[in-house]
Amino acid sequence: MLSVVVEQPNQMAVRERPQPQPSAAEVRVRVRYAGICGSDVHILHGKNPFVVYPRVIGHEFVGRIDAVGEGVDRARIGELVAVDPVISCGQCHACLAGRRNVCRNLQVIGVHRDGGFSEYMTAPASNAYTIPADVPETSSAIIEPFAVAAQVTTRTGVFDSDIALIYGAGPVGLNILQVLTGVHGIRALITDQIDERLDLARMCGAGADDVINTKREALPEALAKRGVDGGPTLIYDAVGHPSILEEAVRIAAPAGRIGVLGFSTHPSAIPQQELTKKELTLYASRLNCSMFPRVIEWVAKGLVHPERIITHRIDFRDVSDAFAVVEGSPKDACKVLLEFTGSA
Ligand code: MN
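Going along each chain's sequence as written, the residues are numbered from 1 onward. Reporting in this predicted model follows two pLDDT cut-offs: at least 70 for local features of residues, and 80 or more for side-chain atom pairs to be given and counted; totals over whole chains, interfaces and linings ignore these cut-offs and use all residues. Only heavy atoms go into the side-chain values, all of them from the structure, while hydrogens and water stay out.

### Focus on the overall build of the protein chain
Helix and strand definitions here come from DSSP, where helices need a minimum of 4 consecutive H or I residues and strands a minimum of 2 consecutive E residues; each element is numbered from the N-terminal end. Along its length, the protein chain carries eleven helices and 18 strands. Here the C-alpha atoms of the protein chain give a radius of gyration of 20 Å, agreeing with the 20 Å that 2.2 N^0.38 yields for 344 residues. Overall, the protein chain is about 60 × 45 × 40 Å in size when its C-alpha atoms are taken along their principal axes. Looking at the protein chain residue by residue over its 344 residues, the buried ones come to 53%. Throughout, a contact is declared for two residues whenever any of their heavy atoms are within 4.5 Å. Excluding contacts between residues fewer than 6 apart, the proportion of contacts in the protein chain whose partners are at least 24 apart in sequence is 69%. Accessibility throughout is a Shrake-Rupley quantity obtained with a 1.4 Å probe, and a residue counts as covered only by protein chains that appear here. With the model as given, the accessible surface of the protein chain reaches about 14800 Å², and the carbon-plus-sulfur share is 50%. When charges are counted, Lys and Arg contribute as positive and Asp and Glu as negative, whereas His and the chain ends are disregarded. Throughout, a charge is located at the NZ atom of Lys, the CZ atom of Arg, the CG atom of Asp or the CD atom of Glu. Charged side chains in the protein chain number 34 positive and 39 negative. The centres of these two groups are separated by 3 Å. As defined in this context, the radius of gyration uses C-alpha atoms, and a globule is described by 2.2 Å times the residue total to the power 0.38. Partly exposed residues are those whose accessible area sits between 20% and 50% of the maximum for their type, while under 20% is buried and over 50% is exposed, using a 1.4 Å probe and protein chains only.

### Things to note about the side chain of Asp 237
Tracing the chain through its elements places Asp 237 in strand S14 (residues 234-237). Salt-bridge detection follows one rule: a side-chain nitrogen of Lys or Arg within 4 Å of a carboxyl oxygen of Asp or Glu. The side chain of Asp 237 is buried and forms no salt bridge, while Arg 250, the nearest opposite charge, is found at 13 Å. Nitrogen and oxygen atoms within 3.5 Å of one another constitute a polar contact, given that in protein one can donate a hydrogen and the other can accept it, and given that sequence-neighbouring residues count only through two side-chain atoms. Engagement of the side chain of Asp 237 in a polar contact is seen with the backbone nitrogen of Gly 240, the distance being 2.8 Å. Apart from the residues lying within four places of it in its own chain, the contact partners of Asp 237 are Tyr 167, Ile 244, Leu 245, Gly 259, Leu 261 and Gly 262.

### Observations concerning the packing of aromatic side chains
Remark: the centre distance and the inter-plane angle together describe each pair of aromatic rings, the angle taken between the planes. Under the pairing criterion, centres of Phe, Tyr and Trp rings, with the six-membered ring standing for Trp, must be within 6.5 Å; the plane angle then separates stacked pairs below 30 degrees from edge-to-face pairs above 60, leaving the rest tilted. Applying the stated criterion across every chain, the model contains three aromatic pairs. Their ring planes at 35° and their centres at 5.6 Å tell us that Tyr 129 and Phe 292 sit as a pair that is tilted. Taken together, the positions of Tyr 129 in strand S10 (residues 128-130) and Phe 292 in helix H10 (residues 292-301) put the pair 163 residues apart, joining distant regions of the chain. Neither residue differs from the other here; Tyr 129 and Phe 292 are each classed as buried. Residues Phe 316 and Phe 340 carry aromatic rings whose centres are separated by 4.4 Å and whose planes lie at 15° to one another, so their mutual orientation is stacked.

### Description of the coordination of the manganese ion
Each metal's donors are the N, O and S atoms found within 2.8 Å of it, except that Na, K and Ca use a 3.2 Å limit; water is left out, so coordination can look incomplete. For the manganese ion, the full set of protein donor atoms is Cys 37 (SG), His 59 (NE2) and Glu 60 (OE), at a range of 2.3 to 2.7 Å. Judged by relative accessible area, Cys 37 falls into the buried class, the value being 17%.

### Some words on the sheet that holds strand S16 (residues 281-284)
Whether two strands pair depends on DSSP finding at least two bridges between them. On the basis of which strands lie adjacent, the open sheet formed by six strands has the order S13-S12-S11-S14-S15-S16 and parallel pairing. If you trace the sheet from one side to the other, it starts and ends with strand S13 (211-213) and S16, each paired once. Adjacent strand axes in the sheet meet at a mean angle of 20°, parallel and antiparallel pairs treated alike. Of the strands in this sheet, strand S11 (163-167), strand S12 (187-192) and S14 are in contact with helix H5 (residues 171-183), which crosses S12 at around 170°. Geometry is summarised by axes, namely lines fitted to C-alpha atoms with helices restricted to the contacting stretch, and by angles between N-to-C directions that run from 0 to 180 degrees.

Shown next as structure tokens:
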């Protein structure tokens, strides 16, 4: 079988490798589609501190179970499944506290162990979630980035009275937007520096005037102009630049909550006074904690629409071209899917 392997930083290849066999309690998945994530680009460029090379990357994917290990019901063979990349130990403090996504012994598929950019891969059977018959395979490939949005919105909570601001109309920001507007029905404004991304944001639930190009407009004034009196009550940083958190604590409304998803190693200069005088809460959010069933239900009910962010489908053997599109064409490309032949 063929797999996309990052051999070492900046060296990616499609390699022939032995087909993996499912261990006890595992399934083998014949991959159909896989989404390219910003974090895959980071792994390629050696900017992910957790990854060990060589690595088969890919943590957003869908495929059909084609073999099962000992102890797994053989009736699952043939099921279309989306695989949650979060594997946890179940024993540590975080796991016992219901926070398995920050397990002390966390193993992420496509980061710590081989992932979904492969014709076949193996995963714990309990990580493989059945996709309902009427949900398209392409949409099912990107349950994971919607689970990330489900996680951060669950962390912050969402009130009917919230007015939200999302920094960044990339895949994560747009998915948060879909969750806030499609599932919770609240008003959400979104920023970016690329107009095409903001056009996409309008299709993902932002009001026609609720998009802000921060290259042209300063944010506090832009919010005031749009009637956001007293600042957003709920803010998400889907960009991850340290200056954004600094601005977010300044503009947040009293009792505001801020969801933080970035992985920057640079410090943010946050005055304690801004936090204390408004009693703000910062919610860090990583990956997802058992959100796949919830997201699959949202997709099946039409509350969120993964297909709205999918802009490209590229054969996995042309993975280098696909990465070039992700990195080089932010105006045209949002979510790029790798297509595998495993449909039969
Ligand atoms: Mn991802």
